[in-house]
Amino acid sequence: MSQPAAYVITRSRLAEWVGQLLKQAQVIAPRTVHGGDTAYDVVEDPSQVAWDYSSSINPLKRFLFPQTEELLRWRRPGSNGLQLEPTYDETDRIFLAVRPCDVSGVLFLDRVFSREPEDIYYMTRRQHSALVSLTCGEPGEDCFCVCADAGPFLESGYDLQLTKLSDDYLVEVGTEKGRSLIAPAEHLFAGAPDELIRARRDIEKDVDDRFEEHKAYFAAALRKVTFDRVPDELWDGMADRCLECGGCSFVCPTCTCFLVADWPEGENGHRERLWDSCLYSCYTLEASGHNPRAQRRDRVKARFFHKLSYQFAKELEAHGCVGCGRCITACLGSNDMPTVTARIRRGAI
Amino acid sequence: MQNAYLPDLAEIASIRDETYDTRTFGLRFVDPARWEAFQYRPGQFVEVSVFGVGEAPFCLASPRDGTDTFEVTVRSAGSVTDALHGLKVGDQLGVRGPLGNGFPFDEVKGRDILFVGGGIGLPPLRPLIWDMLSNRGDFGKMTVLYGARTPGDLVYKDDLERWRGRDDVDFMVTVDVGDETWTGNVGVVGTLFPKAEISPETTAAFVCGPPIMIRFVVRDLLSMGFAEEDIYTTLERHMRCGVGKCNHCLIGDKYVCKDGPVFSYRQMKTMMDPG
Ligand SMILES: Cc1cc2nc3c(=O)[nH]c(=O)nc-3n(C[C@H](O)[C@H](O)[C@H](O)COP(=O)(O)OP(=O)(O)OC[C@H]3O[C@@H](n4cnc5c(N)ncnc54)[C@H](O)[C@@H]3O)c2cc1C
Ligand code: SF4
Ligand code: FES
């Protein structure tokens, strides 16, 4: 008997399902945190999942590529001899009720870290994780996933994709891994009838119409950045507004710059990698004192070249923005993606 | 899946003082099997770890010869390099590599070869010079021009003597500022060009040194009539991972650690460098 491609689960049964998932793995889901914000975080109890949230203040990045991540430990058992031991995180994780833009962010990270040579630390975490997406019904204040081709519904890339209907959730199965999340609680799910799958298409169309606002002018920006047609004065203007706080890099689901540092503990110790930002002045500083990007303008330019140029889009199969809107909140100088692309298109601040 | 960040252990087999601030370390892998797999070409580099201090990139400075060791030449410049200078024979450190692309070799067979090295720019050229000398018949006229700030800044004094003694290479040295014992050329390395017999149409040039020296030498070579694709140089950038992940070494869309560090001047010109 062939297995259904989609299921339904009633809202009242979600908690029981999450209870099952909690037995299988660590569950990371939207959770109401300090001050009433919602953030993806570890949940210990099904009641903690904020099903009706709009968006999370942080992306999933830190669970797959942590802000500080141990790479290896060294020990000196004898006089001269050293022993090295890499540190891998093999915790099973289920990312639950994740917005499509953030799933797209993870898929972007997948492409970055699976390029040769594969990043074993990221890949190990990723192989031990499952992605349960929750489609969007209402655009959030700062959202522009539609412009970035990263939501509000996903075609693929998820293990399961949930869509809220009136009293039920439609559950589309993307992968066998997704199916395995349903299997232990199968009695909570019913096969989805065809009309429900059709209803889901109607919802998608309806939502798409509501997301239709044009928030980010990527086309013009992509072309101008690719061919280096953005006047220096424009980069200068944006550089003047940049405080070099690195906030935009840290909140961004697709930013992956890191540095590496050693932490000695007596004779032993460990090596970590830490998030870095290409906007910091010491990012390219060499020991000789030479700094190829000594001017902040060149750093702002490098950041947006990495995110917007066709060269990188071709390499990474997408440009480096999923339209989550977090840099709008993070940047005090309004060097956020929609504003920057608009400035580039207009040719003026 | 291999771990691209996990170094192999190596021990210091020899230490040689080059100048007041530069030393050459002979390194030997603790696991002899690792040496078998460690096939590299000149122009490639390694990331060397001093555990507890950090990691830094150094070019492979010796040809892969009959021994089981390889050399890196390190100028004391900051935390990792200073710590390296504090180590002694027998101490262990970490090595990742070989990394990067390396110089063309087969591609320039049959051509005349010009090497221009400035100061600490000689280490990447040294294994290439020796490899070409070992296959001397495959190349046309060979010229090595080397410049340093003062006589005290010249590295590889043994090699310099051996190259000077050979009649199948044209070898010249100059210093920016001489001292009381110096009787040789004085002036920047470019001042040697008129003294050397170079035919730009038949020659491939390999240029390594500080950024300012590269800029002037490339300008001179172009005005002598060198084609842009016949001038090769290595780029230096702040590096962290050495494998195209951390983004520190990016110039436009090129990773110096992965697509480089060797580039032809033709490539360099098209690389969009914001800085
Ligand atoms: C491909 C390549 C080959 C090199 N070959 C040699 C060589 O053969 N001999 C030699 O003496 N030097 C070489 N260098 C320069 C050498 O790597 C730096 O001097 C060294 O990284 C300084 O590290 P530090 O910890 O002592 O200095 P710090 O100023 O304490 O630097 C801290 C960290 O910043 C990074 N960093 C700083 N400056 C540089 C730099 N110039 N290049 C790359 N990373 C940097 C490194 O990750 C370093 O560990 C090379 C650099 C590159 C990129
Ligand atoms: S650039 Fe801004 S809007 Fe785009 S993905 Fe990054 S944080 Fe989100
Ligand atoms: S050094 Fe990390 S990307 Fe090149």
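To start, this report covers the structure provided alongside it. Source: prediction; values computed, not measured.

Okay, the interface of chain A and chain B next. If you look at the interface, chain A gives 49 residues, while chain B gives 40 residues. Note on chain A versus chain B: buried area summed over both sides is about 3,800 Å², and carbon and sulfur give 59% of it. Between the two partners, chain A and chain B, sit one salt bridge. At the boundary of chain A and chain B, one finds 21 residue pairs in polar contact (both at pLDDT 80 or more). Here the side of chain A that touches chain B is composed, by residue class, of 26 nonpolar, nine polar and 14 charged.

Here we come to the site of ligand 1. Near ligand 1 there are 20 residues, and of these Pro57, Thr73, Thr81, Glu236 and Met239 of chain B occur at the shortest range. This site is not confined to one chain, since residues near ligand 1 come from chains A and B. Here a nitrogen atom of ligand 1 sits 2.6 Å away from a polar atom, N or O, in the side chain of Glu236 of chain B. One of the backbone N or O atoms of Arg237 of chain B is found 3.0 Å from a nitrogen atom in ligand 1. For ligand 1, whose unbound accessible area comes to 820 Å², protein coverage reaches 87%.

All names here are of chain A. The four strands are arranged β5-β4-β12-β11 in an open sheet whose pairing can be described as antiparallel. What marks the edges here is a single partner per strand, and that holds for β5 (83-86) and β11 (258-265). Sheet twist, expressed as the average angle between the axes of neighbouring strands with direction ignored, equals 25°. Strand direction decides the pairing type here: β11 and strand β12 (residues 268-275), joined by eight bridges, are antiparallel. Bridging from a neighbouring strand, Pro264 pairs with Gly269 of β12.

What follows concerns the packing of helix α9 (residues 232-241) of chain A against helix α14 (residues 337-346) of chain A. All names here are of chain A. Look at α9 against α14: their axes get within 11 Å of each other, and the N-to-C directions meet at 155°. With respect to each other, α9 and α14 are oriented roughly antiparallel. The handedness of the crossing between α9 and α14 comes out as right-handed. Of the residues in α14, those in contact with Leu234, Trp235, Met238 and Arg241 of α9 are Val340, Arg343 and Ile344. The residue inventory of the contact of α9 with α14, partitioned by class, reads five nonpolar, no polar and two charged.

Okay, the pairing of strand β3 (residues 38-43) of chain A next. Residues and elements named next belong to chain A. Taken together, the six bridges between strand β2 (residues 26-32) and β3 define a ladder with antiparallel strand orientation. Each bridged residue has a counterpart across the sheet, and for Pro30 the counterpart in β3 is Tyr40. Linking two consecutive strands that pair antiparallel, namely β2 and β3, is a turn of five residues; a positive phi of about 75° is found at Gly35 within it.

Let's shift gears to the site of ligand 2. The environment of ligand 2 is made up of Phe144, Cys252, Pro253, Lys307, Cys321, Val322, Gly323, Cys324, Gly325, Arg326, Cys327 and Met337 of chain A. Split into classes, the residues belonging to the shell around ligand 2 amount to eight nonpolar, two polar and two charged.

Turning our attention to unusual backbone geometry. Between Glu116 of chain A and Pro117 of chain A the backbone carries a cis peptide bond, its omega angle lying at -10°. For Pro117 of chain A, the position within the fold is in the loop between α3 (100-114) and α4 (120-127). Residue Pro98 of chain B follows Gly97 of chain B across a cis peptide bond; omega there is 0°. With respect to the helices and strands, the residue Pro98 of chain B is situated in strand β6 (residues 92-99). For Asn247 of chain B, which is not glycine, the phi dihedral falls at a positive 80°. One can find Asn247 of chain B in the loop between β12 (231-234) and β13 (250-251).

What counts as what
Residues numbered from 1 in each chain as written. Chains lettered and ligands numbered in written order. Predicted model: local features only at pLDDT ≥ 70, side-chain atom pairs only at ≥ 80, totals over all residues. Heavy atoms only, no water. Contact = heavy atoms within 4.5 Å. Buried area = accessible area lost by both parts, 1.4 Å probe. Salt bridge = Lys/Arg side-chain N within 4 Å of Asp/Glu carboxyl O. Polar contact = N/O pair within 3.5 Å; in protein donor to acceptor, adjacent residues only side chain to side chain. Nonpolar A, V, L, I, M, F, W, Y, C, P; charged D, E, K, R; others polar. Near = heavy atom within 4 Å. Areas by Shrake-Rupley, 256 points an atom, 1.4 Å probe, with all protein chains shown as cover. Pairing = 2+ DSSP bridges. Helix = DSSP H or I, 4+ residues; strand = E, 2+ residues; numbered from the N terminus. Axes fitted to C-alpha atoms, helices over the stretch in contact; angles between N-to-C directions. Parallel < 35°, antiparallel > 145°, perpendicular 65-115°, else oblique. Left-handed = near helix turned anticlockwise from the far one by under 90°.

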